[in-house]
Amino acid sequence: MANATNRQRIKAEYTAAHVRALTLLEDLHQRIEDTPAPTDDGPAIGWDDVGSLKHLCEQLQELKNHFSPADAN
């Protein structure tokens, strides 16, 4: 009985973590979509913006490599 209860808790915790991960990914996707793109009539893009976006790309690549080491590139 305790083993079944433990499996139920594991399943519930995994499901909650899965939903949380998808929510975080969607939030991050939306924030990246909302970042300004360089345009002639839009806000000025500076080197700090480039650096911030490249830093985010590096972090995302590290995370991707964690889950898919064979795809590291």
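Residue numbers run consecutively from 1 along every chain, following the written order of its sequence. Local features are withheld for residues below a pLDDT of 70 in this predicted model, meaning they are given only at 70 or higher, and side-chain atom pairs are given and counted only at 80 or more; totals for whole chains, interfaces and linings count all residues. Here the side-chain values reflect all heavy atoms present in the structure, with hydrogen atoms and water set aside.

A.B. asks: Just checking my understanding: could you explain the overall build of the chain for this structure?
C.D. replies: In this description a helix means any DSSP run of H or I spanning at least four residues, a strand means any run of E spanning at least two, and both kinds are numbered starting from the N terminus. A tally of helices and strands in the chain yields two helices and zero strands. For the chain, the C-alpha radius of gyration of 19 Å lies well beyond 11 Å, the compact-globule estimate for 73 residues. Total accessible area computed for the chain in this model is approximately 6800 Å², and 59% of it derives from carbon and sulfur atoms. Working convention for charge: Lys and Arg count positive, Asp and Glu count negative, and His plus the chain ends are omitted. For charged residues, the charge sits on one atom: NZ in Lys, CZ in Arg, CG in Asp, CD in Glu. Within the chain, one finds 7 positive and 12 negative side-chain charges whose respective centroids are separated by 18 Å. A radius of gyration in this sense is built from C-alpha atoms; the matching globule rule multiplies 2.2 Å by the number of residues raised to 0.38. Only the protein chains shown count as covering a residue, and every accessible area follows the Shrake-Rupley method with a 1.4 Å probe.

A.B. asks: Even after reading the chapter, I still don't get the environment of glutamine 8, so can you show me in this structure?
C.D. replies: With respect to the helices and strands, glutamine 8 occurs in helix H1 (residues 2–34). For every residue, the accessible area (1.4 Å probe, protein chains only) is compared with the maximum for its type, and the residue is labelled buried under 20%, exposed over 50%, or partly exposed between those bounds. On the accessibility criterion, glutamine 8 (56% relative accessible area) is exposed. Between the C-alpha atom of glutamine 8 and that of alanine 44, which follows or precedes it by 36 residues, the distance is 52 Å.

A.B. asks: Just to check I follow, could you spell out the environment of lysine 54 for this structure?
C.D. replies: Looking at the secondary structure, you find lysine 54 in helix H2 (residues 47–67). Expressed as a C-alpha distance, the spacing of lysine 54 and leucine 24, which sit 30 residues apart in the sequence, is 19 Å.

Function cannot be read off these values alone, since they describe shape.
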